[in-house]
Amino acid sequence: MPQDAKDWTDLPLFMEEALQRDASDPLADFRHRFHMPPHGAGHALYFTGNSLGLQPVEARSFIEGELEDWQRFGVEAHFEGRRPWVSYHKEATADLAALVGAQPEEVVAMNALTVNLHLLLISFYRPGGNRTKLMIEAGAFPSDRYAALSQLRLHGLDPDEHLIEIAPREGEHTLRAEDIETRIAAEGDSLACVMMCGVQYYTGQWMPMERITRAAHAVGATCGFDLAHATGNVPLELHDWNVDFACWCGYKYLNGGPGCTAGAFVHARHAHRPDLPRLEGWWGHSESRRFKMEPDFDLMPGAEGWQTSNAPVMNMAALLASLAEFRSAGMDRLRTKSLALTAFLEKGIHAVAEATDSRLEILTPSDPGARGCQLSVVAHGHGKALFDHLTQAGVIVDWREPAVIRLAPVPLYNSFRDVAEFLGLLHAGLRADT
Ligand SMILES: *Cc1c(COP(=O)(O)O)cnc(C)c1O
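Cut-offs used in this document
- Residues numbered from 1 in each chain as written.
- Predicted model: local features only at pLDDT ≥ 70, side-chain atom pairs only at ≥ 80, totals over all residues.
- Heavy atoms only, no water.
- Disulfide = S-S within 2.5 Å.
- Buried < 20%, exposed > 50% of the residue type's maximum accessible area, 1.4 Å probe, protein only.
- Domains from an automatic or database assignment.
- Buried area = accessible area lost by both parts, 1.4 Å probe.
- Salt bridge = Lys/Arg side-chain N within 4 Å of Asp/Glu carboxyl O.
- Helix = DSSP H or I, 4+ residues; strand = E, 2+ residues; numbered from the N terminus.
- Nonpolar A, V, L, I, M, F, W, Y, C, P; charged D, E, K, R; others polar.

**Considerations on the state of the cysteines**
Here the structure, examined in full by the defined rule, presents 0 disulfides. Sulfur of cysteine 249: no disulfide; nearest cysteine sulfur belongs to cysteine 260 and is 8.4 Å away. Among the residues examined, cysteine 249 registers a relative accessible area of 3% and is labelled buried.

**What to know about the domain arrangement of the protein**
Split by domain assignment, the protein resolves into domain 1 (3-56 + 330-433) and domain 2 (61-328). If you average the C-alpha positions of domain 1 and of domain 2, the two centres end up 30 Å apart. Taking both partners together, domain 1 and domain 2 bury about 2,400 Å²; carbon and sulfur atoms supply 57% of that area. The largest share of the area that domain 1 buries against domain 2 comes from Pro56, Met331 and Leu363, three residues that together contribute 22% of it. Our count for the contact surface shared by domain 1 and domain 2 stands at 1 salt bridge. Those elements giving two or more residues to the side of domain 1 that touches domain 2 turn out to be helix 12 (331-356) and strand 17 (404-407). For the side of domain 1 that touches domain 2, the leading source of residues is helix 12, giving 4 residues. Each residue belonging to the side of domain 1 that touches domain 2 can be placed in one class, and the counts come to 16 nonpolar, 10 polar and 7 charged.

**Focus: unusual backbone geometry**
Cis peptide bonds are those with omega within 30 degrees of zero, and the linkage from glutamate 401 to proline 402 qualifies with -10°. Within the secondary structure layout, proline 402 lies in the loop between strand 16 (398-400) and strand 17. The phi angle at asparagine 111 is positive, at roughly 55°, despite the residue not being glycine. Considering the arrangement of structural elements, one finds asparagine 111 in the loop between strand 6 (107-109) and helix 5 (113-124). When its relative accessible area of 23% is taken as the criterion, asparagine 111 is described as partly exposed. The backbone of methionine 293 sits at a positive phi, close to 55°, despite the residue not being glycine. Tracing the backbone through its elements, the reader meets methionine 293 in the loop between helix 10 (268-271) and helix 11 (313-329). Since its relative accessible area comes to 58%, methionine 293 is described here as exposed.

Now the structure itself:
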């Protein structure tokens, strides 16, 4: 508890509410299924599950199980292991499909995120004739922008002319659905593909994905999403929304550990189209004939046909441990808790701003339907000193110049009490830094 908490009369109220809410939270026990980083005699206040999810306690036994199978069977573990390596990626399919709202055949765990983005753009960004443009959001995660630029160059197209970066209105931080639709319609048949984030990493905005998809299809463009900050954070219905393709990483909200295997989605409409050009490898070749080592490629049906290499087993083991936690928590209950947890944080930030006479501006939309758990807060008039104060007190948040704090209270392992403690420290930090 911060030392000067006693002169903030609202703080005890927030803590009281937090403890009550934790007591009636059906997911409260999941916290103990993850390793909370220690701080001093207690634990850190961890709000960076949007960058790297915490380690599931079960991750160790999943990884050790694979080490044992390797030790015991060598190459035979491909068939003899407890989770045979030859089909290891399939262990994740059902859970990933549930998280993104897909049929199992539409989903595959493979590679890393940016690699998957490239593989999917190879198939779904097919500029030709007048239809050449690729649309992304302005301020996209750098890797996505680099991917987009290099894809344009791969097709011999000048990014200055053929890349569209749609930006919010002057003075606004997030995109309006109708502005995206209007812009897509205006680009018309010059647009080949719309590729946007699902949840924006910087602002936390959850894009109107279904409307964007519909607008793209209306002009004959394909539509895909980078779900790095969306999968495991917000409920998704990729199949029903008719999204053409999507990809995500395994280490943010999915808690698979650093560099964890990523995921990809290809809609059933496309998943059985051998005519779609792609980069091929032996893991996309017919499963039953894979080890016949035939020279000619025989495409596998479904999203698995986009695989090139065999699955990185060690790297996926922790992901399976985490997906088991998602399965038992259930995305419906997680979303319900997430809405309450983020609203509680939002209410608290406004109260702290008022109590300290600070200008704390939340960039993330206030509409709960347009955000996940993350809030991006600008502490106007404050600098790195505030961040250092929070860090020393054991708060782990993401800081971007100038004074943007990104906080993600994750419903799987963060409590209302975490949020109330953070509010107390923020209050003290703002007081100290004036
Ligand atoms: C985290 C993130 C990445 C990271 O890409 P990797 O290929 O996993 O290193 C890319 N794009 C977005 C939008 C991200 O949020």
